[in-house]
Amino acid sequence: MAHPVRADGAADRAWWAAPPTRRVSHLPAVDPEVLRVALDPLPPAAPVVVHYRPTAVGSLGDLVADVLDQLDTAACAMFPGWLPDAARLETEGNLGAAAVRALAARAAARSPHFGPFLADLAERALHGPRQAAGRSRFAPGYAPPGSPG
């Protein structure tokens, strides 16, 4: 991977500007160690970067399911960082679940995120790691009509 920094140290453009935006990019020829160094520290405007190395060879569907499960687990582990108002909610009972769903719906209304999916994710994350691994009620790849990407 060529790093877009000239010998004098000036950057011609951000290194992440080359891959297409708003989609997954597969970088099979990139040395993982070189990528790790390029991402440390990650600039504030950089996109999310996920390094994934399959543990087993299987069908493409199995690979996609595994990646989605790992991303779901990561999102649940980062909770409530992506929904800060939920930090004070109780994990037990229906009141906490209803409250976290309402907070997620409010956050989605101010963003391009699909509200029902965000509410589902927030509720699963609220209940902790044992329940968080449960499947979303949304099919992989589901995008409601008119949603981005």
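Please refer to the structure higher up on the page.
Residues numbered from 1 in each chain as written. Predicted model: local features only at pLDDT ≥ 70, side-chain atom pairs only at ≥ 80, totals over all residues. Heavy atoms only, no water.

Engineer: Please explain the overall build of the protein chain as it appears in this structure.
Structural biologist: Helix and strand counts for the protein chain stand at five helices and zero strands. In the protein chain, the succession of helices and strands from N to C terminus is α-α-α-α-α. Looking at the protein chain as a whole, 23% of its 149 residues qualify as buried. Long-range contacts, defined here as pairs at least 24 residues apart, represent 45% of the contacts in the protein chain between residues at least 6 apart. About 10800 Å² of surface is accessible on the protein chain, with carbon and sulfur atoms providing 60% of the total. (Helix = DSSP H or I, 4+ residues; strand = E, 2+ residues; numbered from the N terminus. Buried < 20%, exposed > 50% of the residue type's maximum accessible area, 1.4 Å probe, protein only. Contact = heavy atoms within 4.5 Å. Areas by Shrake-Rupley, 256 points an atom, 1.4 Å probe, with all protein chains shown as cover.)

Engineer: So what exactly am I meant to see when it comes to the nonpolar core here?
Structural biologist: Generally speaking, soluble globular proteins have nonpolar side chains that are buried together. Core analysis: the largest hydrophobic core is formed by 16 residues, its most contacted members being Phe 79, Leu 83, Ala 86, Val 100, Ala 104, Leu 118 and Ala 122. Elements supplying a minimum of two residues to this core: helix 2 (60-77), helix 3 (93-109) and helix 4 (115-126). Counting residues per element, this core draws most heavily on helix 4, which supplies six residues. (Core = buried A, V, L, I, M, F, W, Y, C linked by side-chain atoms within 4.5 Å.)

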